[in-house]
Amino acid sequence: MNNDYERQPVPINERKKWYSISLVWIAVGIDLSAMLFGAELGAGMNFQDALISVVIGSAILGVLAAFCAYVGAVTGLSTSMISKFTFGANGAKFVSLFLAISLLGWFGVQTGFFAENAFAAIKGVAGWEIPLPLLAGIGGILMMTTAVLGYRAIEKLSSWSVPLLLILVVLSVVLAIRKYGASELSAPVENVFSMGMAISLVISVFVVGAVISPDVSRWARTKKDAILASFFGFFFGNSFMIVIAMILSRIMDESDLTTIMITVGLGIPGILVLILAQWTTNTNNAYSSGLSLAVIFSKTNKVVLTIIAGVIGTLLAVLGIYDYFIDFLTIMTMFIAPIGGVYTASYYIGGQKLFKQENHQAVKMLPLLAWALGTFISWLTMEGPIGLELFTLTTISSVDSFLIAFLFQAIFLILMKQRRAI
């Protein structure tokens with residue numbers, strides 16, 4: 001099996017060009033959770049405002065991803081290995097454990113979506129009622145396979161699945177417009193989402209991917225390749241399925257992707273879209289979870305750790321974690337976004353010298369404090385049942401937490417530099 005460089009930098013001669021890496025991110029972005037959110041957004045805002053929120057949110061996400069991906073390209077390290085230099089060897093284990101658990105939760109959510117939609121698709125096309133736990137198990141094993149094989153397998157899967165997915169999904173829109181017309185797109189609806197909350201949720205759908213983008217960008221041939229791949233991949237990958245879902249759900253007054261595919265006459269191809277969309281997305285969750293676990297359990301083979309991650313994630317799907325999708329997404333955003341703020345501040349303010357082997361420490365308390373402060377501010381500014389909404393900064397809580405964590409870590413680093421100079 002090829003070396004996946006989970007605990008060391010990816011050699012320059014193994015690196016890839018930007019377009020192959022961008023296909024990985026586009027493939028990750030084309031998933032059923034984005035489809036579900038797009039349907040909810042389309043029903044809760046007028047179409048023009050919803051479209052504006054998607055474009056703004058995806059653009060911010062693309063910039064955020066490029067900002068984080070640059071660090072991965074320069075160091076050649078995964079997110080969890082970067083956290084080892086940022087938070088200390090033992091501090092990184094805590095951060096990596098949190099990343100791993102969050103990604104396992106994502107894996108469970110996506111596998112659960114797969115099982116529910118596969119059940120509906122198979123019943124609609126063939127009339128069979130296959131138990132949801134069995135479908136979740138089959139889907140989880142399928143999605144885990146490429147993650148176990150490593151980045152090269154994920155890249156190959158993305159390179160041929162993305163064009164096919166784009167063709168089938170666009171075809172579904174064309175068939176839906178032919179059958180139902182497009183007049184419902186301009187129909188008035190009751191605004192459930194504010195613009196700030198909508199933009200925040202657009203970012204939240206993929207913010208975990210932006211923070212862990214070094215897991216993929218470490219394979220970029222140059223810094224320019226990393227920036228182009230991450231911005232284009234995140235902007236297009238995040239916005240595409242959300243907008244498609246908004247259009248289809250408004251035109252057909254239906255939020256279920258499987259029902260939409262069958263209704264417009266794409267039964268078997270629709271099932272293919274379902275399988276590929278979740279496969280390309282969820283394999284990255286298992287892959288990054290395995291990379292995080294590889295930092296915690298430094299003497300255990302990454303293949304074994306990835307299999308364990310996939311099995312646990314599949315069990316979460318069987319237990320129904322996908323029923324708590326929005327709450328899980330919100331909580332995860334609170335904790336994960338500021339991790340990116342801390343390690344980017346460490347790189348851009350502290351300099352690349354902080355990412356040398358001799359800088360390993362057991363625990364770095366100030367970066368952990370910056371992470372905690374970013375999370376706390378996110379909780380204070382967040383809308384919805386989980387957040388307190390005491391005040392607003394950017395009106396986008398995930399961006400608030402990233403910026404606050406970046407700011408505090410930058411201040412800590414500057415103060416430490418000044419102290420050494422005295």
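To continue, consider the overall build of the chain. Across its full length, the chain carries 17 helices and zero strands. Here the C-alpha atoms of the chain give a radius of gyration of 21 Å, agreeing with the 22 Å that 2.2 N^0.38 yields for 422 residues. The C-alpha extent of the chain, read off along each of the three principal axes, is 75 × 50 × 40 Å. Relative to its full complement of 422 residues, the chain shows a buried share of 59%. Excluding contacts between residues fewer than 6 apart, the proportion of contacts in the chain whose partners are at least 24 apart in sequence is 87%. Only carbon and sulfur atoms are counted for the fraction: they give 68% of the accessible area of the chain, which is about 16,500 Å². Computing the positive centroid from 24 side-chain charges and the negative centroid from 22, the chain places the two 19 Å apart.

Time to look at the pattern of salt bridges. Considering all chains together, one arrives at four salt bridges under this definition. One salt bridge connects Glu14 with Arg152, and the closest N-O pair in it is separated by 3.2 Å. Taken together, the residues span a long stretch of sequence, with Glu14 in the segment before α1 (18–29) and Arg152 in helix α7 (residues 151–180) at a distance of 138 residues. Here Glu155 makes a salt bridge to Lys16, at a shortest N to O gap of 3.7 Å. With Glu155 in helix α7 and Lys16 in the segment before α1, the pair connects residues that are 139 residues apart, well separated along the chain. Take Glu155 and Lys16: they sit in the same class, and that class is buried.

What follows covers the nonpolar core. Among the nonpolar cores identified, the biggest contains 117 residues, and Leu41, Val208, Ile242 and Ile339 are the most heavily contacted of them. In terms of residue count, helix α11 (residues 223–252) provides more of this core than any other element does, 14 residues in total. With near-sequence residues (within four places) excluded, Ile242 lies in contact with Ala34, Phe37, Gly38, Leu41, Val54 and Val202. Counting residues in hydrophobic clusters, the runner-up holds seven residues, among them Ala100, Leu104, Leu293 and Ala294.

Between helix α4 (residues 79–87) and helix α5 (residues 89–126), the least distance of the axes is 7 Å, while the angle of their chain directions is 140°. Considering how the two elements wind past one another, α4 and α5 form a crossing that is right-handed. Contact with α4, carried on its side by Thr79, Ser80, Ser83, Lys84 and Phe87, involves Ala89, Gly91, Ala92, Val95, Ser96 and Leu99 of α5 and no other residues of that element.

For the coordinates displayed, the defined rule picks out 21 aromatic pairs. Measuring from centroid to centroid gives 6.1 Å for Trp18 and Phe232, while their planes differ by 90°, and the two rings are edge-to-face. Taken as a pair, Trp18 in helix α1 and Phe232 in helix α11 lie far apart in primary sequence, 214 residues in all. With a centroid separation of 4.8 Å and an interplanar angle of 40°, the aromatic rings of Phe98 and Phe335 are classed as tilted. In this pair, Phe98 is assigned in helix α5 and Phe335 in helix α15 (residues 325–348), connecting sequence segments 237 residues apart. Judged by relative accessible area, which is 28%, Phe335 ranks as partly exposed. Three or more aromatic residues link up through ring pairs in this structure, and these residues are Phe67, Tyr70, Tyr347, Tyr348, Phe402 and Phe406.

Analysis parameters
- Residues numbered from 1 in each chain as written.
- Predicted model: local features only at pLDDT ≥ 70, side-chain atom pairs only at ≥ 80, totals over all residues.
- Heavy atoms only, no water.
- Helix = DSSP H or I, 4+ residues; strand = E, 2+ residues; numbered from the N terminus.
- Rg over C-alpha atoms; globule rule 2.2 N^0.38 Å.
- Buried < 20%, exposed > 50% of the residue type's maximum accessible area, 1.4 Å probe, protein only.
- Contact = heavy atoms within 4.5 Å.
- Areas by Shrake-Rupley, 256 points an atom, 1.4 Å probe, with all protein chains shown as cover.
- Lys, Arg positive; Asp, Glu negative; His and termini not counted.
- Charge placed at Lys NZ, Arg CZ, Asp CG, Glu CD.
- Salt bridge = Lys/Arg side-chain N within 4 Å of Asp/Glu carboxyl O.
- Core = buried A, V, L, I, M, F, W, Y, C linked by side-chain atoms within 4.5 Å.
- Axes fitted to C-alpha atoms, helices over the stretch in contact; angles between N-to-C directions.
- Left-handed = near helix turned anticlockwise from the far one by under 90°.
- Phe/Tyr/Trp six-rings, centres within 6.5 Å; stacked < 30°, edge-to-face > 60°.

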